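# Chains, contacts and geometry: an overview
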Amino acid sequence: MDKLKEQFKKLTGETDEELVSSFLLKSQNTVLSKTNRSELIDDLNDYVLKLAIALYNRQGNEGLASYSEGGESESYQSEDEILSGISNYRLSAMARRLKDEKKKSQKVSN
């Protein structure tokens, strides 16, 4: 997560640790939920970062779908567009149960 924090700070210029952590945690939870996983794998870090940056950039305009004034318009990618390739990493309910059971049995044996 530290690597993601540094990347987020570099790309946004944000220095508030609490704010950075908040956006990354919210994004991580969304990615985990959409992939039916209990732990983040390295391949999903880019999705977490992209979503966190998108959420950060929307501050104050959370519900804005599009805006136009004086010839300038503004619109945002939807969460589904940002996370469009994430379905490749989704675990089925059975796969998640098996993975969680295996993890539990490894903890018990240690």
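Bear in mind that the values here come from a model prediction, so they are computed numbers and not experimental data.

## What to know about the overall build of the protein
What the protein contains, in helices and strands, is five helices and two strands. Overall, the protein shows an N-to-C arrangement of helices and strands of α-α-α-β-β-α-α. Buried residues in the protein amount to 29% of all 110 residues. Taking the intrachain contacts of the protein between residues at least 6 apart in sequence as the baseline, contacts between residues at least 24 apart amount to 60%. Roughly 7700 Å² of accessible area belongs to the protein as shown, and the carbon and sulfur atoms make up 45% of that amount.

## Remarks on the packing of aromatic side chains
Inspection of the entire model under this criterion finds four aromatic pairs. Ring centres of F23 and Y56 lie 5.6 Å apart, and the angle between their planes is 85°; this geometry places the pair in the edge-to-face category. Of this pair, F23 sits in helix α2 (residues 17-35) while Y56 sits in helix α3 (residues 45-57), placing them 33 residues apart in sequence. For Y56, a relative accessible area of 15% gives the class buried.

## Looking at the pattern of salt bridges
Counted according to the given criterion, the structure contains four salt bridges. For E6, the salt bridge identified is with K9, shortest N-O distance 3.8 Å. Of the two residues, E6 and K9 both sit in helix α1 (residues 2-12), three residues apart, roughly one turn of that helix. Of the charged contacts, one joins D80 and K34 as a salt bridge, the two residues approaching to 3.6 Å between their closest N and O atoms. With D80 in helix α4 (residues 79-82) and K34 in helix α2, this residue pair connects regions lying 46 residues apart in the sequence. Among the residues examined, K34 registers a relative accessible area of 31% and is labelled partly exposed. Overlapping salt bridges bring together E6, K9 and E17 as one network.

Reading the values: the criteria
Residues numbered from 1 in each chain as written. Predicted model: local features only at pLDDT ≥ 70, side-chain atom pairs only at ≥ 80, totals over all residues. Heavy atoms only, no water. Helix = DSSP H or I, 4+ residues; strand = E, 2+ residues; numbered from the N terminus. Buried < 20%, exposed > 50% of the residue type's maximum accessible area, 1.4 Å probe, protein only. Contact = heavy atoms within 4.5 Å. Areas by Shrake-Rupley, 256 points an atom, 1.4 Å probe, with all protein chains shown as cover. Phe/Tyr/Trp six-rings, centres within 6.5 Å; stacked < 30°, edge-to-face > 60°. Salt bridge = Lys/Arg side-chain N within 4 Å of Asp/Glu carboxyl O.

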